[in-house]
Amino acid sequence: MRIKPLLAATASILAASATFTSGGTASAADQSAPANVSTFLAGQLGSLTGKTSVMVHGTSITAARQAVTAAGMAKKGEFSAIGVVIANATKAQIQAVRSAPGVTYVEGGAQPIEFFQETSNTATRGAEAAATLTGADGAKLTGKGVSVAVIDSGVDPTHPYFKEADGSSAVVANLEALCEPLTETCSVQRLPAFVDTDTLSVGGHGTHVSGIVAGRPTTLTDGGTLQGAAPGAKLVSISTGAGIVILGADSALNWVLENHAAPCGAGVPASTCPPIKVTNNSYGPTGGGEFDPESATVKLQRALATEGVVTVWAAGNDGGDGSTSLTNPPGQDPTGGILSVASYYDQDTGTRAGVVSEYSSRGLGSDASTWPDISAPGENITSSCRLYLAICSTGLDFRNGPGALDIGTFNTISGTSMAAPHIAGIVAQLFQARPSATPADIERALKVSAHKYTDGAAYTAGPLGTTSYDKGYGLVDVVAAVAALG
Ligand SMILES: [Ca+2]
C-alpha cells in the first residue's frame, strides 16, 4: 500500500520584476507620475520576492479601495477615516497601484503587526495559552518537557526555525526508516543530529510540518513573526523517505512504541530529551478507505495509547460532501487519544469565524465513526522550508528567515498535513499542563472545549457534545482545553 503526504493542491508562484525609487521624485501636482513609496517600503522592495504588507493611501477611502482591487492586491483591512487600505502585495501590484487614480502614497506596513504575522496560533488560542498559562512545571505553556515525534519525509535540523537560544537544535533525535523494497523489511536508524533527512524528491514536507509543531519564535527580515504551536517542545523526526509505504510508517510507529520513554537513548536525561507523548502523522492513502482494526497501524496506535502516547492523523485532502467517507482510515479508530484532524481556514485573519477548508476530507454523514475529531488551521500556513526542496518550491509566499543567508527559508502551503501538526503541538501543551493525563483525557478535553464555528455541515449530538461530518467537534481552543483537563 502506497501512501502520500496530505498536502493540498498548490498554486503557482507570484513573481514580479520592477524597480522602485523612494519618495521625493514625484510632485503631488503631477497626476501622471506614480505615487511615492515610503522609505521603508523602498528599502524592502530591492529584495522582495513574495508579498509584503502595504498601506495604500487614497484621496478618499473609495479611491483607495478601487485602486487595491484594480491592482489585484489581497485586502487585509483599512483605516477608512484616513483613506487607507491595508493589503498584501507583490512588487508588480505595488508598481501598478502607484499609478492608479486617486492614490497619493504607498507605505510599507511590514512592521511586526497582526496582518503580517502567522495567524494560525491566534485562531487556536495556542499563542495566548503559551503567553498567559503555565504548566505543571511552572513554566510557560509552550510544550516544554514534551517531545513530539514527527513521522514524515524527514527534517532539516539546521533550519533556523529549530534554532534554540543556545544554538542547538530543537530536533533532539533524527531517525530514518530505511526500507528494502525487495525483502520488504525496514529498519529505523539513528542519524547524527545535523544530517538533513528531508532532501528526497518530495522533500520539504517534513520540515514544514515540524516547524508547525514546534518552530521557535522567529522574526523574519520582513518584520513578520512566527512560532510553532508548541515553541518549547522538542522534536523527534523519523524520516520515512519520499515514497512512503505503509511498512515504513508502521516501522516508525513501532520505533516510537519501543523508545518513547527515552528517545535519545537511556543515557540522555529527560531534561534535554523529553519523552515522546504524541506522534504526528500527515500521510495516508488517497480517497480514504475502510477502517481496519486488524492493521498494524491500528494495533501500534492502540498500544501507544495504552502507554500514554497520543496519535494525531491528518484527515485527508479529498474533500467530499458526506455521501461517502473520504477520511484517513486509521484516524477513525474510536480508541481514546487517536485524533483525526480536519483543516480550518481562518482566511488569514486570526479569527475563529472562518471556514472548513474545501479540500478537507469529509466523513460519511450517516456514520459518525468516520468523522474527523476536531479542526485546526491548515490553510495558508507559513512554516520552515528550503527553496531547493520540491514542496517548498510550490509554495505561495517565499519569505526570508532571520539570517543573511536565510533566503526563502519560510513558505506558505496548505493541507490537512498542516492542520494535524497544530494539534500535535497543542497536545504537547496539554501534557505540560497535566502530565498525568491519559490520551483519552486529552481527546475528551479537546472535544468538549472546541469552538463551534458554523461553516459547513450542521452539528449533531455526539458522546461529548455536538459534532459534524466535516469539522468534527469544532475548532480547537487551547485555553478552554486546558481548563477542561481540570
Ligand atoms: Ca478519535
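As a reminder, the structure under discussion sits directly above these lines.
Treat the numbers as computed from the prediction; the structure is a model and nothing was measured.

It is not clear to me how the pattern of salt bridges should be interpreted in this structure. Could you clarify?
Opposite charge on two side chains permits pairing when their charged atoms draw close. Counted according to the given criterion, the structure contains 11 salt bridges. One salt bridge in this structure joins E164 and K234, with 2.6 Å as the shortest N-O distance. Of this pair, E164 sits in the loop between β7 (147-152) and β8 (171-180) while K234 sits in strand β12 (residues 234-239), and the two are 70 residues apart along the sequence. For K234, a relative accessible area of 17% gives the class buried. Of the charged contacts in the structure, one is a salt bridge between E294 and K299, with a shortest N-O distance of 3.9 Å. According to the relative accessible area criterion, E294 is exposed, its value standing at 56%. The network of salt bridges with common partners includes R125, E128, R352 and D477.

I keep staring at the coordination of the calcium ion and nothing clicks. Help me out?
Six octahedral donors around a metal ideally make angles of 90 or 180 degrees; four tetrahedral donors ideally make 109.5 degrees. Coordination sphere of the calcium ion, protein contribution only: I338 (O), D373 (OD), D373 (OD) and E443 (OE), at 2.3 to 2.8 Å. Read in sequence order, the donor residues coordinating the calcium ion give the pattern I-x34-D-x69-E. One end of the pair, I338, is in strand β16 (residues 338-345); the other, E443, is in helix α10 (residues 439-448), and 105 residues separate them in sequence. In this structure, I338 and E443 share a single accessibility class: buried.

What exactly am I supposed to notice about the nonpolar core here?
In globular proteins that are soluble, nonpolar side chains generally tend to be buried together. V312, I423, V427, I442 and L446 are the most contacted members of the largest nonpolar core, which totals 55 residues. Those elements that provide at least two residues to this core are β7, α6 (205-214), β15 (310-314), β16, β18 (374-377), α9 (416-433), α10 and α11 (478-485). For this core, the leading source of residues is α9, giving 11 residues. Those residues within four positions of V427 in sequence are excluded, and the remaining contacts are V278, V310, L339, I442 and L446. With 22 residues, the next largest nonpolar core counts L45, V85, I94 and V106 among its residues.

How should the environment of L141 be read in this particular structure?
Tracing the sequence through the fold places L141 in the loop between α5 (126-132) and β7. Overall, L141 belongs to the buried group, its relative accessible area being 0%. For the pair L141 and G126, spaced 15 residues apart in sequence, the C-alpha to C-alpha distance is 8.9 Å. In contact with L141, not counting residues within four places along its chain, are A129, A130, L133, T134, G135, Q429, Q432, A433 and V482.

How should α11 be read in this particular structure?
Because the α-helix completes a turn every 3.6 residues, residues three or four places apart line up on one side. Listing the buried residues of α11 in full gives V478, V479, A481, V482 and L485. One side of α11 holds all its buried residues, which, seen down the axis, span an arc of 165°. As for α11, its buried residues are in contact with α5, α9 and α10. One side-chain oxygen at the N-terminal end of α11 lies 3.2 Å from the backbone nitrogen of V479; it belongs to D477. Count one or two residues on from α11 and you reach G486, which has phi positive near 80°.

Got a minute to help me understand the pairing of strand β6 (residues 103-108) in this structure?
For a regular strand, the rule is simple: side chains alternate between the two faces of the sheet. Two elements, strand β2 (residues 36-37) and β6, share two bridges in a ladder whose sense is parallel. Across the sheet, the residue bridging to N36 is Y105, located in β6. Here five bridges tie strand β3 (residues 52-58) to β6, and the two strands are oriented antiparallel to one another. Among the inter-strand pairings, M55 is bridged to a residue of β6, identified as E107.

Quick question: what am I supposed to make of the packing of α10 against α11 here?
Axes are the key here: two packed helices are described by the angle between their axes and the distance separating the axes. Interaxial distance between α10 and α11 falls to 8 Å at its minimum, and their mutual angle equals 125°. Taken together, α10 and α11 sit at an angle that is classed as oblique. Viewed along their axes, α10 and α11 form a crossing whose handedness is right-handed. Residues D441, I442, R444, A445, L446 and V448 of α10 touch α11, and the partners they reach there are A481, A484 and L485. Taken together, the residues of the contact of α10 with α11 sort by class into seven nonpolar, no polar and two charged.

Mind showing me how you'd approach the environment of S99 here?
As for its position among the elements, S99 is in the loop between α3 (91-98) and β6. Considering only alpha carbons, one finds S99 and A35, 64 residues apart in sequence, at a separation of 6.4 Å.

I'm lost on unusual backbone geometry in this one. Help?
The phi torsion of most residues other than glycine is negative, and most of the peptide bonds are trans. Positive phi, normally seen in glycine, also occurs at R125, with a value near 65°. Checked against the element boundaries, R125 lands in the loop between α4 (120-123) and α5. Phi is positive for N380, close to 55°, though the residue is something other than glycine. When you line up the elements, N380 lands in the loop between β18 and β19 (381-384).

Would you mind showing me how to read the side chain of T327 here?
In this fold, T327 is placed in the loop between β15 and β16. By relative accessible area, which is 1% here, T327 ends up buried. Polar contacts involving the side chain of T327 include one to the main-chain carbonyl oxygen of T370, which spans 2.8 Å. Residues in contact with T327, not counting those within four places in the same chain, are G288, G289, A315, Q332, S361, R362, G363, T370 and P372.

Calculation rules
Residues numbered from 1 in each chain as written. Predicted model: local features only at pLDDT ≥ 70, side-chain atom pairs only at ≥ 80, totals over all residues. Heavy atoms only, no water. Salt bridge = Lys/Arg side-chain N within 4 Å of Asp/Glu carboxyl O. Helix = DSSP H or I, 4+ residues; strand = E, 2+ residues; numbered from the N terminus. Buried < 20%, exposed > 50% of the residue type's maximum accessible area, 1.4 Å probe, protein only. Donors = N, O, S within 2.8 Å, 3.2 Å for Na, K, Ca; no water. Core = buried A, V, L, I, M, F, W, Y, C linked by side-chain atoms within 4.5 Å. Contact = heavy atoms within 4.5 Å. Arc of directions from axis to C-beta. Polar contact = N/O pair within 3.5 Å; in protein donor to acceptor, adjacent residues only side chain to side chain. Pairing = 2+ DSSP bridges. Axes fitted to C-alpha atoms, helices over the stretch in contact; angles between N-to-C directions. Parallel < 35°, antiparallel > 145°, perpendicular 65-115°, else oblique. Left-handed = near helix turned anticlockwise from the far one by under 90°. Nonpolar A, V, L, I, M, F, W, Y, C, P; charged D, E, K, R; others polar.

Spatial relationships are all this shows, so hold off on functional conclusions.
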